[in-house]
Amino acid sequence: MNIKLFEFVKKGDNRGNLVAIEAGIDVPFKIRRVYYVWGSDSSVTRGLHAHRKLEQALVCVHGAVTIILDDGVERKEVRLDDPSRGLYIGRRTWREMKDFSGDAILMVLASEHYEEEEDYIHDYKKFLECAKKDWKE
Ligand code: TYD
């Protein structure tokens, strides 16, 4: 599965902590977009899609959230609850975000600008078909 957990370098001192994320160094792509999600709770599931080419890194900068990852063959679950940890998600990976703590703030670094139409697959059946055909459409 094309995912990776990053441990960012914590530049902490007696004033508190700081993490810096540099494109191409701390995440393996150029960052073209940043968005963040908050105000979700444990009743909510977000995501429920895959991207054809987008790469992302997820950082839960406050609180906690569980990320489900699926490449059409296996399913994994990662709990993000530490702002110094990042989850890289490569292209062609189905993702779901669930079990948000009420105080969760999930920041997402993305390799592309927002493209609703071409890049998203919202239908899980279609995602499985694409994975089965090794993405030869
Ligand atoms: P949505 O894709 O439903 O979020 P999630 O993947 O967390 O389930 O996005 C919610 C709304 O925000 C929807 O109207 C599309 C919009 N949006 C943007 O305008 N730009 C973006 O970069 C993203 C990710 C979403």
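Conventions we followed
Residues numbered from 1 in each chain as written. Predicted model: local features only at pLDDT ≥ 70, side-chain atom pairs only at ≥ 80, totals over all residues. Heavy atoms only, no water. Near = heavy atom within 4 Å. Polar contact = N/O pair within 3.5 Å; in protein donor to acceptor, adjacent residues only side chain to side chain. Areas by Shrake-Rupley, 256 points an atom, 1.4 Å probe, with all protein chains shown as cover. Helix = DSSP H or I, 4+ residues; strand = E, 2+ residues; numbered from the N terminus. Phe/Tyr/Trp six-rings, centres within 6.5 Å; stacked < 30°, edge-to-face > 60°. Buried < 20%, exposed > 50% of the residue type's maximum accessible area, 1.4 Å probe, protein only. Contact = heavy atoms within 4.5 Å.

Around the ligand, the neighbouring residues are Arg33, Tyr35, Arg46, Gly47, His49 and Tyr114. Within the side chain of Arg33, one N or O atom sits 2.5 Å away from an oxygen atom of the ligand. Between the ligand and Arg46, the relevant distance is 2.8 Å, taken from an oxygen atom to a side-chain nitrogen or oxygen of the residue. Burial of the ligand by the protein chains amounts to 57% of its free accessible area of 530 Å². Sort the elements by how many residues they give to the shell around the ligand and strand β3 (residues 46–51) lands first, with three residues.

Counted according to the given criterion, the structure contains nine aromatic pairs. Taken together, the aromatic side chains of Phe6, Phe8, Phe29 and Tyr88 make up a single cluster linked through ring pairs.

Positive phi is not limited to glycine here, since Leu48 has a value of about 55°. The class for Leu48 is partly exposed, based on a relative accessible area of 36%. At Asp134, a residue that is not glycine, the phi angle is positive and equals roughly 55°.

Here His51 is to be found in strand β3. Overall, the relative accessible area of 2% leaves His51 in the buried class. Of note is the side chain of His51, whose polar atom sits 3.1 Å from the side chain of His49. Sequence-distant contacts of His51, defined by excluding residues within four places in its chain, comprise Gln56, Arg91, Arg92, Thr93, Arg95, Asp119 and Tyr120.

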